[in-house]
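Secondary and tertiary structure notes
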Amino acid sequence: MAHTAETAVRALLRAGDSAVLSLAADDPPLTIPRDPAREAARRELSKRMYHESDPSLFQRAMDAFWDWLGKLFNAASTATPGGAVGLVVVLLAVIAVIGALWWRLGAPRTGPTSSAVLFDDRPRSAAEHRAAAEAHAVQGHWNQAVQERMRAVVRSLEERALLDSRPGRTADEAAAEAGRTLPTHTDRLRTAARDFDDVTYGGRTASPQTYRRLTELDGDLERTKPVLTNSHSTPSTAHNARQGAAG
């Protein structure tokens, strides 16, 4: 019934200057002007009974998206050597490159680095951290090896009283503080802290070269003499201090 009514109403929209509607065989024909007929047809077609089987807004949006995607694919396939097969090959190559970059560089960093502390709740000496780092390196666990070697570097500086033993310190903080007493290694300390952050919080994978670089820094720091923070004292102050010591 709804389909019959809809057909009749749509017929009104296709009428010319006027529409002639016969309500029954015995009734005289009823002439309706064009504009009122169109308005009546629109009101009739706006009723819900005619739209119960219409697709939802989401379905229409999805249909439009797939239509657009199909047109885009067809256009790209015609412009790509080899047609659709060539386009598929290009897409697979792009996906392979993206996957390789993701595996090599890790997930993008969306927040500040070094958001957690450098050490856990198990206090260990620098020698213990170095031993743990070497054990991980032998097994090829480079992330853990880099982490333990960085902890060994910082613990060694604490044991030499070049850093105060402060819980909750991050790798970046340790590098910045150590750079003040070991200024010749400031850049290398920052690089080591960044490597530690990358493998610990940035989701990146360490390499043997990263671990070797950190191991060399550990050895060089052991052989480096610190720069005393009061080395900028004036000669007269230093002379007075020597006189006081002699007296």
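Look a little higher up for the structure.
Residues numbered from 1 in each chain as written. Predicted model: local features only at pLDDT ≥ 70, side-chain atom pairs only at ≥ 80, totals over all residues. Heavy atoms only, no water.

Here the focus is unusual backbone geometry. Although it is not a glycine, A161 sits at a positive phi angle of roughly 65 degrees. With respect to the helices and strands, the residue A161 is situated in the loop between α6 (142-159) and α7 (171-181). Residue A161 is classed as exposed on the basis of its relative accessible area, which comes to 65%. (Helix = DSSP H or I, 4+ residues; strand = E, 2+ residues; numbered from the N terminus. Buried < 20%, exposed > 50% of the residue type's maximum accessible area, 1.4 Å probe, protein only.)

With that out of the way, let us pick up helix α9 (residues 208-223). For α9, built from 16 residues, the straight-helix expectation of 22 Å at 1.5 Å per residue is met to within 8% by its first-to-last C-alpha distance of 23 Å. Every buried residue of α9 is accounted for by T210, Y211, L214, L217, D218 and L221. Each buried residue of α9 sits inside an arc of 120 degrees when the element is viewed along its axis, so together they form one side. (Expected span 1.5 Å × (residues − 1). Arc of directions from axis to C-beta.)

Glancing now at the packing of aromatic side chains. All told, the structure shown has 4 aromatic pairs when counted by the stated rule. Relative to W66, the ring of F65 has its centre 5.2 Å away and its plane inclined at 65 degrees; by these criteria the two rings are edge-to-face. A residue is classified by how much of its surface remains accessible, and F65, at 38% relative accessible area, is partly exposed. Taking 6.2 Å as the distance between ring centres and 70 degrees as the angle between the ring planes, the aromatic pair formed by F196 and Y201 counts as edge-to-face. (Phe/Tyr/Trp six-rings, centres within 6.5 Å; stacked < 30°, edge-to-face > 60°.)

Ranked by size, the top nonpolar core spans 25 residues in total, and within it M150, L157, L189 and L214 carry the most contacts. Listing elements by their share of this core, those giving two or more residues are α5 (126-138), α6, α7, α8 (186-200) and α9. Of the residues forming this core, the biggest block, 6 residues, is contributed by α6. Setting aside chain neighbours within four positions, we find L157 in contact with L162, L163, A178 and L182. (Core = buried A, V, L, I, M, F, W, Y, C linked by side-chain atoms within 4.5 Å. Contact = heavy atoms within 4.5 Å.)

What follows is about α8. End to end, α8 covers 21 Å across 15 residues, agreeing with the expected 21 Å (1.5 Å per residue, within 8%). By the burial criterion, the buried members of α8 are T186, L189, A192, A193, D195, F196, D197, D198 and V199. On its buried face, α8 sits against α6, α7 and α9.

Our focus in this paragraph is the pattern of salt bridges. Where charged atoms of side chains with opposite charge meet at close range, the side chains can pair. Enumeration according to the criterion identifies 15 salt bridges in this entry. Across the pair E173 and R166 runs a salt bridge, and its minimum N-O distance is 3.8 Å. Look at R166 and you get partly exposed, because its relative accessible area is 31%. For the salt bridge of R213 with D195, the shortest nitrogen-to-oxygen distance reads 2.8 Å. (Salt bridge = Lys/Arg side-chain N within 4 Å of Asp/Glu carboxyl O.)

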